[in-house]
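Listed here are the chains, written in short residue letters.
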Amino acid sequence: MTAFSVLDLSPIVEGGDARRALLETTAFAQAADRLGFRRFWVAEHHNMPGIASAATAVVIGQVAGATERIRVGSGGVMLPNHAPLVIAEQFGTLEALYPGRIDLGLGRAPGTDGETARALRRYFEAADQFPRDVMELQAFLDDPVEGQRVTAWPGAGAKTPIWLLGSSLFSAELAAHLGLPFAFASHFAPELLMQALQTYRAGFRPSKALAEPYAMAAINVFAAETDAAAERLSTSMQQAFAAVVTGKPGRVKPPVDDITAVLDARQLAAVQSRLTYAAIGGRETVRAKLAAFVDQTGVDEVMVTGMVFDIDDRIRSLEITAEAVASLGPAAA
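What you see is a predicted model; the values in this text were computed from it and never measured.

**A closer look at the packing of helix H1 (residues 18-35) against helix H2 (residues 56-66)**
Next up, step 1: Here H1 crosses H2 at 45°, and the two axes come no closer than 9 Å. Overall, the two elements H1 and H2 adopt an arrangement that is oblique. The way H1 lies across H2 gives a crossing that is right-handed. In this structure, H1 contributes Leu22, Thr25, Thr26, Ala29 and Gln30 to the contact, and H2 contributes Val59, Gln62, Val63 and Ala66.

**Regarding unusual backbone geometry**
A negative phi holds for most residues other than glycine; trans holds for most peptide bonds.
Next up, step 1: Here the bond from Gly75 into Gly76 is cis, since omega is 5°, no more than 30 degrees from zero.
Next up, step 2: If you trace the backbone, Gly76 turns up in strand E3 (residues 71-78).
Next up, step 3: In this structure, Asn47 is a non-glycine residue whose phi angle is positive, near 60°.
Next up, step 4: Mapped onto the fold, Asn47 is located in the loop between strand E2 (39-42) and H2.

**Section: helix H9 (residues 227-245)**
Next up, step 1: Its 19 residues place the ends of H9 26 Å apart at the C-alpha level, agreeing with the 27 Å of an ideal helix rising 1.5 Å per residue.
Next up, step 2: Within H9, the axis deviates most sharply at Thr235, by approximately 30°.
Next up, step 3: Regarding H9, the residues found buried are Ala230, Leu233, Ser234, Thr235, Ser236, Met237, Gln238, Gln239, Phe241, Ala242 and Ala243.
Next up, step 4: The inward-facing, buried residues of H9 contact strand E7 (215-223), helix H10 (265-274), strand E8 (278-281) and helix H12 (311-326).
Next up, step 5: Where H9 terminates, the next one or two residues include Gly247, which has phi positive at roughly 75°.

**Observations regarding the pattern of salt bridges**
Next up, step 1: Inspection of every chain in the model, using the stated rule, returns 20 salt bridges.
Next up, step 2: The residue Lys253 makes a salt bridge to Glu14 at a minimum N-O spacing of 2.9 Å. On the criterion of sequence distance, the pair formed by Lys253 in the loop between H9 and H10 and Glu14 in the loop between strand E1 (3-8) and H1 is long-range, its members being 239 residues apart.
Next up, step 3: Residue classification places Lys253 among the partly exposed positions, given a relative accessible area of 39%.
Next up, step 4: A salt bridge links Asp142 to Lys208, with the shortest nitrogen-to-oxygen separation between them at 2.8 Å. A residue pair is termed long-range when its members are at least 10 positions apart, and Asp142 in the loop between helix H6 (130-141) and strand E5 (162-166) and Lys208 in the loop between helix H8 (193-203) and E7 qualify at 66 residues.

**Re the pairing of E7**
Next up, step 1: For E7, a buried count of nine out of nine residues is recorded, marking the element as mostly surrounded by other parts of the structure.
Next up, step 2: Relative to E7, strand E6 (residues 182-184) runs parallel, the two sharing three bridges. Within the sheet, the bridge partner assigned to Ala183 lies in E7 and is Met216.
Next up, step 3: Pairing of E7 with strand E9 (residues 301-305) involves five bridges; the strand directions are parallel. Within the sheet, the bridge partner assigned to Ala218 lies in E9 and is Met303.

**Quick look at the pairing of strand E4 (residues 102-107)**
Next up, step 1: Burial analysis of E4 places six of its six residues in the buried class, the great majority of the element.
Next up, step 2: Neither face of E4 is open: one carries Ile102, Leu104 and Leu106, the other Asp103, Gly105 and Gly107, and all of them are buried.
Next up, step 3: Strand direction decides the pairing type here: E3 and E4, joined by five bridges, are parallel. Within E4, the position partnered with Val72 by the bridge is Ile102.

Here is what the cut-offs are and how they apply
Residues numbered from 1 in each chain as written. Predicted model: local features only at pLDDT ≥ 70, side-chain atom pairs only at ≥ 80, totals over all residues. Heavy atoms only, no water. Axes fitted to C-alpha atoms, helices over the stretch in contact; angles between N-to-C directions. Helix = DSSP H or I, 4+ residues; strand = E, 2+ residues; numbered from the N terminus. Parallel < 35°, antiparallel > 145°, perpendicular 65-115°, else oblique. Left-handed = near helix turned anticlockwise from the far one by under 90°. Contact = heavy atoms within 4.5 Å. Expected span 1.5 Å × (residues − 1). Bend = angle between axes of the 7 residues up to and from the residue. Buried < 20%, exposed > 50% of the residue type's maximum accessible area, 1.4 Å probe, protein only. Salt bridge = Lys/Arg side-chain N within 4 Å of Asp/Glu carboxyl O. Pairing = 2+ DSSP bridges.

So this is what it looks like as structure tokens:
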């Protein structure tokens, strides 16, 4: 059966700060753990005043320490920003602390703008070396071999599961070639979802990590007691999408009654294109839209996400989503 997981962006809301955002992410992860979701991932973003998860491994450690069962990981670490050895040491440490509960999702984009990517020092020289860096990281997390002169301590032998993430066909092809699980960022880049899934499945080669293809896709979910209330919750993310599109990202704004009063027609069109895959509504509406998404994509796992302004509303949205998922049938634990 299809499994369901959660992606959280640690939103920093207007009137809040990074500490509040990270504590709310922890509370949100505890709710996901209680509700039976399989994974809880956070993502690496830089120079984004509305996102608090830039130091992704640190956030994963906080969340894993505050939860009991749920797998915790990165969706993702932007590998070209980092030396593979450093990531192996970070995630080897996390695996040592929380054995069997850590995922390492890897992305190829910088997770930021060009000027910030330059400030990160590595991205522009490393982006074209992504396949090589992935394999180097795999080797650091595998058992050491005789004569190996550089070893990740901790990290060696951790065998932390590696996922490749993507919003285009590149990572789909690479994940297939390396025999790794693949996750598509259809929550903000929906255009190539179906083609990427087909590319991944058709080209998959079994590996030590995975015998058969395993695909995940992300969808925006805003659930509330009524369709209208859910639509209102979604306006915070719509404003955040519009701010990114116009090159003016900021802290997450509270929801509004009428999104057309704050976004112009061009912004609305850009936002709606990003929300191609979204389940916004009450329990039955969300259930139907999630069922249609699973049927359309055939994915093994769905990752739900949604930038909700108020933490109580965010947790309630997740509770209603869990109820909707339960009505689809028994999800994989």
